[in-house]
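Report on the structure
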Amino acid sequence: MKKFLSLLLSCALLWAVLPVSDAFTDANGTALATHNASWTIVTGAFEINTNGVQHTFAGRGLARWTGETFFNNQWVEGPAGTVGSDGLIGLALRIPTNGDVSGYYVHWSTGGTFLAKLITGTSTPLADTTAPVEGAVMRLETEGTTIRVLKNAVEILSVTDTSLTSGVAGIAAWYGPNTRLSHWEAGDITAGGGRRRVVLVQ
């Protein structure tokens, strides 16, 4: 008991709060990781444009949030910005923190809304539906083995998959840059949509 009390007395409480968010407000052309150091680019290239984020690499893009630890059941959402015809950008969850190009993601263009999984760089489609209109609030959730997509709080896609069980939230893209995400927010699926985490620092 004395050792326990001594430990408590020698510790400080640090609070971290989810959800986290980014409004992408910066000068056009600013690299995403320069705009906000909490972003780590896994692959591709992202930059700020017209108070949104776009992908500027001719290929796959994946960026993960490094500023917080997420529970396994997660959500990420944001309004669709400019919806272009050839580039796709969207939301990602359960991205590994070890640099693997993996995660569940939903992204969109004028051609539709596409839910897929990315495993070490290989993408597998899971489900798809019609494209969102500009301003529609898109949301991706992972809860246990259920992966679901909501548009304006209405579920539009749902599948089950066991490939990825943990990780962090982020952004996924394919080519670009004429499709943008204008806001990004993510957290854990709990009562109230977020949580507080207490860290004991000795």
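Residues numbered from 1 in each chain as written. Predicted model: local features only at pLDDT ≥ 70, side-chain atom pairs only at ≥ 80, totals over all residues. Heavy atoms only, no water.

1. Quick word on the overall build of the chain
Cut-off, in case you're wondering: By definition, any uninterrupted DSSP run of H or I lasting at least four residues is a helix, any uninterrupted run of E lasting at least two residues is a strand, and each is numbered from the N terminus. Exposed residues in this analysis have more than 50% of their type's maximum accessible area, buried residues have under 20%, and partly exposed residues fall in between, with area computed by a 1.4 Å probe over protein chains only. What makes two residues a contact is simply this: any of their non-hydrogen atoms within 4.5 Å. Methods summary: accessible areas were calculated by the Shrake-Rupley approach with a probe of 1.4 Å, and residue burial reflects only the protein chains presented.
Along the chain, the regular secondary structure elements total two helices and 18 strands. By the burial criterion, 47% of the 202 residues in the chain qualify as buried. Restricting the contact set of the chain to residue pairs at least 6 apart, pairs at least 24 apart contribute 65%. As displayed, the chain offers around 9,300 Å² of accessible surface, 54% of which is attributable to carbon and sulfur atoms.

2. Focus on unusual backbone geometry
With a phi angle near 55 degrees, Thr50 is a residue other than glycine that sits in the positive phi range. Relative to the elements of secondary structure, Thr50 occurs in the loop between β4 (46-48) and β5 (53-55). Look at Thr120: it is not a glycine, yet its phi comes out positive at around 45 degrees. Summarising the element assignment, Thr120 is placed in the loop between β10 (112-119) and β11 (122-129).

3. Observations concerning the sheet that holds β11
The condition that has to hold: At least two bridges found by DSSP between two strands are what make those strands a pair. The axes are straight lines fitted to the C-alpha atoms, using for helices just the contacting stretch, and the angles between their N-to-C directions are given from 0 to 180°.
Read across the open sheet, the seven strands follow the order β3-β6-β15-β8-β9-β10-β11; overall the sheet is antiparallel. Strands with a single pairing partner mark the edges of an open sheet, and in this sheet they are β3 (39-43) and β11. Strand-to-strand, the axes of this sheet are offset by a mean angle of 25 degrees, without reference to chain direction. The sheet contact formed by strand β8 (residues 88-95) and strand β9 (residues 103-109) spans five bridges and is antiparallel. Bridging from a neighbouring strand, Leu91 pairs with Val106 of β9.

4. Let's talk about the pairing of β8
With eight of eight residues buried, β8 lies mostly within the body of the structure. Looking at chain direction, β8 and strand β15 (residues 168-174) are connected through six bridges and run antiparallel. Of the residues in β15, the one forming a bridge with Ile95 is Val168.

5. A short note on the packing of aromatic side chains
So the rule is basically this: The criterion for an aromatic pair is that two Phe, Tyr or Trp rings (for Trp, the six-membered ring) have centres within 6.5 Å, with stacked assigned to planes under 30 degrees apart, edge-to-face to planes over 60 apart and tilted to the rest.
Here the structure, examined in full by the defined rule, presents five aromatic pairs. Ring centres of Trp39 and Trp65 lie 5.2 Å apart, and the angle between their planes is 90 degrees; this geometry places the pair in the edge-to-face category. With Trp39 in strand β3 and Trp65 in strand β6 (residues 60-65), this residue pair connects regions lying 26 residues apart in the sequence. Since its relative accessible area comes to 6%, Trp65 is described here as buried.

6. Points about the sheet that holds β5
Strand order in the open sheet formed by three strands is β4-β5-β16, with antiparallel pairing between adjacent strands. Only two strands of the sheet have a single neighbouring strand rather than two, namely β4 and β16 (180-181). Here three bridges tie β4 to β5, and the two strands are oriented antiparallel to one another. By the bridge assignment for β5, Ile48 is matched with Val53.

7. Points about the environment of Gly187
Secondary-structure assignment places Gly187 in strand β17 (residues 184-188). With 46 residues separating them in the primary sequence, Gly187 and Glu141 have C-alpha atoms 9.8 Å apart.

8. Observations regarding the environment of Ser102
Within the secondary structure layout, Ser102 lies in the loop between β8 and β9. For Ser102, a relative accessible area of 3% translates into the label buried. Here the alpha-carbon distance between Ser102 and Lys117, two residues 15 residues apart in the chain, equals 7.3 Å. Beyond its immediate chain neighbours, meaning those up to four positions away, Ser102 contacts Leu62, Arg94, Ile95, Pro96, Leu118, Ile119, Thr120 and Leu164.

9. Side note on the pattern of salt bridges
Rules: When a carboxyl oxygen of Asp or Glu is within 4 Å of a side-chain nitrogen of Lys or Arg, the pair counts as a salt bridge.
In the structure shown here, the tally under the stated rule is six salt bridges. A salt bridge links Glu141 to Arg139; the shortest N-O distance between them is 2.7 Å. Classification of Glu141 by relative accessible area gives buried; the value is 11%. The salt bridge involving Arg148 is made with Glu155; its shortest N-O contact spans 3.7 Å. Residue classification places Arg148 among the buried positions, given a relative accessible area of 15%. Ionic contacts of the salt-bridge type, sharing partners, join the residues Glu77, Arg139, Glu141, Glu143, Arg148 and Glu155 into one network.

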